[in-house]
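# Fold and contact review
What follows is the residue order along each chain.
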Protein chains: 2
Amino acid sequence: MQSSFSSTNSIIAMEIESATQEKAGPLALAWDWVKTLPLNFKNIAVNLVRTTKKLGQDDPRRVMHSLKVGLALTLVSLLYYWRPLYNGFGVSGMWAVLTVVVVFEFTVGATLSKGLNRACATLSAGALGCGAHHLARLFGAKGEPIVLGLLVFLLAAASSFTRFIPRIKARYDYGVLIFILTFSLVSVTGYRVDKILELANERLTTIGIGGATCIIVSICVCPVWAGEDLHKLVASNIEKLASYLEGFGGEYFPDPEDHEGNIMASKGDKALLQGYKSVLNSKNTEESLANFARWEPGHGRFHFRHPWKQYLKIGVLARQCAYRIDALNGYINSDLQAAMEFRNKIRKPSKKMCSEASKALKALALSIKTMTDPSAAKSHVENSRTAIDELELVLKAVSLENADLLAIIPIASVASILTEITKCVENIYESIHELSCLAEFKSASVESTVSPEKPQAQVLVLHCGSIKPVLDGHNDHVIITVHVTNEEYSLQTEFSQPPKPGQS
Amino acid sequence: MQSSFSSTNSIIAMEIESATQEKAGPLALAWDWVKTLPLNFKNIAVNLVRTTKKLGQDDPRRVMHSLKVGLALTLVSLLYYWRPLYNGFGVSGMWAVLTVVVVFEFTVGATLSKGLNRACATLSAGALGCGAHHLARLFGAKGEPIVLGLLVFLLAAASSFTRFIPRIKARYDYGVLIFILTFSLVSVTGYRVDKILELANERLTTIGIGGATCIIVSICVCPVWAGEDLHKLVASNIEKLASYLEGFGGEYFPDPEDHEGNIMASKGDKALLQGYKSVLNSKNTEESLANFARWEPGHGRFHFRHPWKQYLKIGVLARQCAYRIDALNGYINSDLQAAMEFRNKIRKPSKKMCSEASKALKALALSIKTMTDPSAAKSHVENSRTAIDELELVLKAVSLENADLLAIIPIASVASILTEITKCVENIYESIHELSCLAEFKSASVESTVSPEKPQAQVLVLHCGSIKPVLDGHNDHVIITVHVTNEEYSLQTEFSQPPKPGQS
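Residues numbered from 1 in each chain as written. Chains lettered and ligands numbered in written order. Predicted model: local features only at pLDDT ≥ 70, side-chain atom pairs only at ≥ 80, totals over all residues. Heavy atoms only, no water.

Below, the discussion takes up unusual backbone geometry. Even without being glycine, Cys222(A) reaches a positive phi, approximately 40°. Its place among the elements puts Cys222(A) in the loop between helix H10 (196–220) and helix H11 (226–252). On the basis of relative accessibility, which here comes to 44%, the residue Cys222(A) falls in the partly exposed class. The phi dihedral of Met371(B) falls on the positive side, at around 55°, and the residue is not glycine. Note on placement: Met371(B) falls in the loop between helix H15 (340–370) and helix H16 (375–397). (Helix = DSSP H or I, 4+ residues; strand = E, 2+ residues; numbered from the N terminus. Buried < 20%, exposed > 50% of the residue type's maximum accessible area, 1.4 Å probe, protein only.)

A separate point is the relation of the copies chain B and chain A. Of the two same-sequence chains, chain B is brought onto chain A (RMSD 0.1 Å, axial shift 0.0 Å) by a rotation of 180°. Here the symmetry operator amounts to a two-fold rotation axis. The fraction of interface residues of chain B whose copies in chain A are also interface residues reaches 100%, indicating that both copies meet through the same surface. (Least-squares fit on C-alpha atoms with pLDDT ≥ 70 in both. Contact = heavy atoms within 4.5 Å.)

All names here are of chain B. Inspection of the entire model under this criterion finds zero disulfides over all chains. There is no disulfide at Cys-424, and the cysteine sulfur nearest it, in Cys-321, is 4.8 Å away. Cys-424 gets classed as buried once you look at its relative accessible area, which sits at 3%. (Disulfide = S-S within 2.5 Å.)

Our focus in this paragraph is a nonpolar patch on the surface. Residue and element names in this part refer to chain A. A surface patch of nonpolar side chains, about 370 Å² in accessible area, is lined by Leu-71, Leu-75, Leu-78 and Trp-82. Turning to its location among the elements, Leu-78 is positioned in helix H4 (residues 61–81). Classification of Leu-78 by relative accessible area gives partly exposed; the value is 37%. (Patch = residues over 30% accessible without salt bridge, like charges linked within 9 Å, V, L, I, M, F, W, Y side chains within 5 Å. Areas by Shrake-Rupley, 256 points an atom, 1.4 Å probe, with all protein chains shown as cover. Salt bridge = Lys/Arg side-chain N within 4 Å of Asp/Glu carboxyl O.)

Residues and elements named next belong to chain B. Throughout the structure, instances matching the rule amount to 19 aromatic pairs over all chains. On the basis of an interplanar angle of 40° and a centroid distance of 5.4 Å, the ring pair of Phe-302 and Trp-308 is categorised as tilted. Trp-308 sits in the buried class, given a relative accessible area of 6%. Between the NZ or CZ atom of Lys-114 and the centre of the ring of Tyr-174, over which it lies, the distance is 4.7 Å. Here the basic side chain of Arg-343 rests over the ring of Tyr-252, its NZ or CZ set 4.7 Å away from the ring centre. (Phe/Tyr/Trp six-rings, centres within 6.5 Å; stacked < 30°, edge-to-face > 60°. Lys NZ or Arg CZ within 6 Å of the ring centre and 35° of its normal.)

Working note: a packed helix pair is described by the angle between its axes plus the distance between those axes. Residues and elements named next belong to chain B. Packing of helix H10 (residues 226–252) against helix H17 (residues 405–438) leaves a shortest axis separation of 13 Å and a crossing angle of 155°. Here H10 lies roughly antiparallel to H17, going by the angle between them. Where H10 crosses over H17, the two elements pack in a sense that is left-handed. In this structure, H10 contributes Ile-238, Leu-245, Phe-248 and Tyr-252 to the contact, and H17 contributes Pro-410, Ile-411, Val-414, Leu-418, Ile-421, Ile-428 and Ile-432. Residue composition of the contact of H10 with H17, by class: 11 nonpolar, no polar and no charged. (Axes fitted to C-alpha atoms, helices over the stretch in contact; angles between N-to-C directions. Parallel < 35°, antiparallel > 145°, perpendicular 65-115°, else oblique. Left-handed = near helix turned anticlockwise from the far one by under 90°. Nonpolar A, V, L, I, M, F, W, Y, C, P; charged D, E, K, R; others polar.)

Here is the structure:
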């Protein structure tokens, strides 16, 4: 227990330390501060350089993004620097600069979302503002500011309230903000400016120029697509879960003969066993990426109406799996020598469950990455299901006469949670299968679904086909004939044990 | 398994339905659309009214916030409407409107953070912009736009990159944005405007007026404090965990004699059993509230440097507990009739573990809410620890000769996960205790720590004191004398069974 919270505890310890540091006199403290100033500056500078380097190395697109912002800003500055353009727009060019700074975002989707939100909001609020201005004029010189003030108050209050509606908050928050802004500016400044339509026109044009510059630079210069990021994030999250399960199998059920080596290896695996933690809190990132992805035009392998929502569903299931894994992780530091007999008995099916679930997740992640049918994972899902049955058989056969139930329970719980995880993996498989149908993933070739190294463990289940195992009594190999309804072909594979019929 | 994913499945089903809806001709579709138009409008209007009403009822502060935005905007509009002010500021009044719209946020902390970020960034970038302008002048008429363009490019690129640094992103993101904006505006527009200092001065003043209006309205009219929200959120999250555990005990270990009644009651509890789900994804909300809370001045029961960070630590532990609960939740729909004998044996300690952990969490939530010492929870934490020992004793005594291990395992896993949850609760207790020290919660009075309804089950452990159970051999009541080092007093309580010494 303690060890699983060690990171939290160390933070807590630091906190306490800083809270309880001795209270010296203010002069002594100031002198200390002056003394350490050059060192502090050096430290800050070194840290800054290191952070910057790391940020750039982690994702070089960040550097590119910064340069793109600079480029877009310099481009709209031409509205000022270039005489013919300045003569056309005058000081309104400022709005182009303002638009670029606030609209330019990291991903194309976010930039498009903000740009289009801004454009629509400016147009509608501008028109409404002009209308309000003319309406207020009807009330004479005394009534005009009062009516304008009232209208601004009402519209601002109503619009602010709509920002609490979750759907609007998620997609049109910026638009509503700009709507309030533009309406207030147009109706209020219109009170003192006579040529209000001309002013509105100039602003709208320059905002359009700014927005267009952002969108063009964002799409044409090394574009960063939110959709692609979401796609990769979901795949990498599933991979992290797979890595955990792979590491856990070796860690919790070490081979008795290979104990030394495994402990050595497991130290290197510790990092693998932490990766899943970032999956636990991936919800917000996934949701905002999905929101931005909707705005993006078709790009690369993604068409315009790619089923981004389905990624969120996969994300929910992946997190559910990650929660189970977090529960599992609580057992990893327990005494590995306890109840050795029982542990040895369930080691084989449990390890198989781990490794097959891990392989299934890896195949699923690969299927997302390559955008191919997830049929390669099906066999592993089947195998993990078989492993559950094997575990049940072993558990039924186990003799508990001299067993220490207290020592058995943690191990039994691990097996039970692993079973739950296997079921989660099955759900993830189903949802990725659905994604592959919705997004029309290309079907994996027959060669790739039967991996060459383990032909005897593979069960090929084609979603549209039916499986009829033909039992051959003379040896325990099985010949499967798959009849596919769309394309007629049959496939023969040998199995070392009878597979369960697919539950697709 | 299926039932725990039923909500996901229903969403998936809806998705499929919409994806596979029959493809009619475009004319027929258009006619359908026209036919349903009035109905659709009515539905949308009804939904809108319902959503609005619900949003307002859920949190009336939202309505207040909307009115506050309207008020602040109307106030700064006076810069235009009121002749003396307009003569002073002219069109620059626009910047006040702009500032109010973008700076005014729901909580005081967010408004302060944005306002102060904007003020600092505008000041520094304005000064830098003027400097850049004068520097560029040195390069003559031809060189000036080139130097200015280069400077804008470099500064915008560098500043954009700093927005990727997590620490800056969390706290100063808006400031950096405004920094880029102001620097670009001042240096670029300065190219065409002669009285740049005057312009900068006017803008700065109006931005200051706008920001000040926001902050004053935000603080003075029904303030919404981010810190208080964080405080309440953490307490309510812990309460949700407590409700789950309370409900789970009755649901999974029903009393044999009270079976019918329990099933009836459990249907009403189903909602209680879902509450914990919002805890799973509370990280982002907590972190942003904590970031805003740092900017807030002392208010109500919170002083300026309230240990907001500690709430994040409690949040981490609460989520850890919620993950375990989610794993536990996977077992709730399993067959309640299986392995009745074994279930009955461990029912008592398991239920006690549930109820004591739940009581401890409730007491902890109450301690946060009332900002009192969490000592009232200590006894429940102790009791839950005792329940673990009792469970161990029961498990040691259980005879497994004719037991069906397969049926036992889920129940044993539930007990094991409950044990883990109890340990989580202990950690939560520790971290809240730490919070109570850091934030100097008032110590609970002796009366309130020993709840009147169950005096025999209470163990009072005072953090600064020591406990010496004096065993009375003639009956199994225990007399405890507590010697408190700071304030000398002693307390006698009778116990029905010997308590374990406190592990504080």
